[in-house]
Amino acid sequence: YLIPLLIVLLMTKTRSAWIGCIALFFVYGLAHDRRLLALMLIATPLAFAIPAVHERIVDLMSDNDYIGGPAVMLNSYAWRQLLWENAFIYIWQQPIFGHGLHSFPFYSKEFFNPTPDGTYAHNDYIQVLFETGLVGLSTYLWIFWRCLVWLFQRWRFDKRGVTTAAAIMVTYM
């Protein structure tokens, strides 16, 4: 079952999910089964030989500069950085409570020129900060903090399980 899941993961072309998966396998390998670390040393470079993976990695190295105008091509990371930069101008206008739930796509039409239809932030923390302000972001982070505290209170009962669950949670964050 793991092989089809990994194939689907690779074909999503989501670099952050790839990094999260590698991090989880690494933590699991350290905590439970060292053979997985050896397998990762072999499998990770092999993944770069897959055209879809190679294309996504190489994409980060091209089209990094924004000159201006709506028709400019940017790679996905440079595009996001420009979006986040522009979002912070609006975030600091209402930093305490934000602009309201689901307001990012609406306002992004105004502050982000390359996307006339509006877009999501492509970053949960920036979107939560934009929509609910510092109050919402601190509450969002508080949920994860309390879950991690709860997990580590069970450390003495199951060190390996707590390590793996905490890694899953941090990867999700």
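This text follows the structure it describes.
Caption draft 1: Main features of the packing of helix α7 (residues 124-152) against helix α8 (residues 159-172). The N-to-C vectors of α7 and α8 enclose an angle of 170°; their axes lie 10 Å apart at closest approach. It follows from the interaxial angle that α7 and α8 lie roughly antiparallel. Between α7, through Phe 144, Cys 147, Leu 148, Leu 151 and Phe 152, and α8, the contact on the second element is made entirely by Val 162, Ala 165, Ala 166, Met 169, Val 170 and Tyr 172. Grouping the constituent residues of the contact of α7 with α8 by class yields 11 nonpolar, no polar and no charged.

Caption draft 2: A look at the packing of helix α5 (residues 76-91) against helix α6 (residues 104-111). Following both chains from N to C, one finds α5 and α6 inclined at 100°, their axes separated by 10 Å at the closest point. With respect to α6, the axis of α5 lies roughly perpendicular. Two secondary-structure elements touch here, α5 through Leu 83, Asn 86, Ala 87 and Tyr 90 and α6 through Phe 104, Tyr 107, Glu 110 and Phe 111.

Caption draft 3: Structural view of the nonpolar core. Core analysis: the biggest nonpolar cluster contains 18 residues, and Leu 83, Phe 104, Phe 111, Phe 112, Ile 126 and Phe 130 have the highest contact counts within it. Only α5, α6 and α7 provide two or more residues apiece to this core. No other element matches the eight residues that α5 contributes to this core. Those residues in contact with Phe 130 that lie beyond four places of it in its chain are Ala 87, Tyr 90, Ile 91, Gly 98, His 99, Ser 103, Phe 104, Tyr 107 and Phe 111. Residues Phe 144, Leu 148, Leu 151 and Ala 166 belong to the second largest nonpolar core, which totals six residues.

Caption draft 4: Region of the structure containing α7. An ideal rise of 1.5 Å per residue puts 42 Å on 29 residues; α7 reaches only 25 Å between its terminal C-alpha atoms. The sharpest bend along α7 comes to roughly 130°, located at Thr 132. Buried within α7 we find Ile 126, Gln 127, Val 128, Leu 129, Phe 130, Glu 131, Gly 133, Gly 136, Leu 137, Phe 144, Leu 148 and Leu 151. In this structure, the buried residues of α7 make contact with α5, α6 and α8.

Caption draft 5: Geometry of the packing of aromatic side chains. Applying the stated criterion across every chain, the model contains 15 aromatic pairs. Consider the rings of Phe 144 and Tyr 172, whose centres lie 5.9 Å apart with planes at 45°: the pair is tilted. With Phe 144 in helix α7 and Tyr 172 in helix α8, this pair connects stretches of sequence that are 28 residues apart. Owing to a relative accessible area of 60%, Tyr 172 belongs among the exposed residues under this scheme.

Caption draft 6: Structural detail: unusual backbone geometry. One non-glycine residue, Lys 13, lies in positive phi territory at about 65°. Turning to its location among the elements, Lys 13 is positioned in the loop between α1 (2-11) and α2 (15-31). Judged by relative accessible area, Lys 13 falls into the partly exposed class, the value being 32%. Positive phi, close to 60°, is recorded for His 102, a residue that is not glycine. Summarising the element assignment, His 102 is placed in the loop between α5 and α6.

Conventions and cut-offs
- Residues numbered from 1 in each chain as written.
- Predicted model: local features only at pLDDT ≥ 70, side-chain atom pairs only at ≥ 80, totals over all residues.
- Heavy atoms only, no water.
- Axes fitted to C-alpha atoms, helices over the stretch in contact; angles between N-to-C directions.
- Helix = DSSP H or I, 4+ residues; strand = E, 2+ residues; numbered from the N terminus.
- Parallel < 35°, antiparallel > 145°, perpendicular 65-115°, else oblique.
- Contact = heavy atoms within 4.5 Å.
- Nonpolar A, V, L, I, M, F, W, Y, C, P; charged D, E, K, R; others polar.
- Core = buried A, V, L, I, M, F, W, Y, C linked by side-chain atoms within 4.5 Å.
- Buried < 20%, exposed > 50% of the residue type's maximum accessible area, 1.4 Å probe, protein only.
- Expected span 1.5 Å × (residues − 1).
- Bend = angle between axes of the 7 residues up to and from the residue.
- Phe/Tyr/Trp six-rings, centres within 6.5 Å; stacked < 30°, edge-to-face > 60°.

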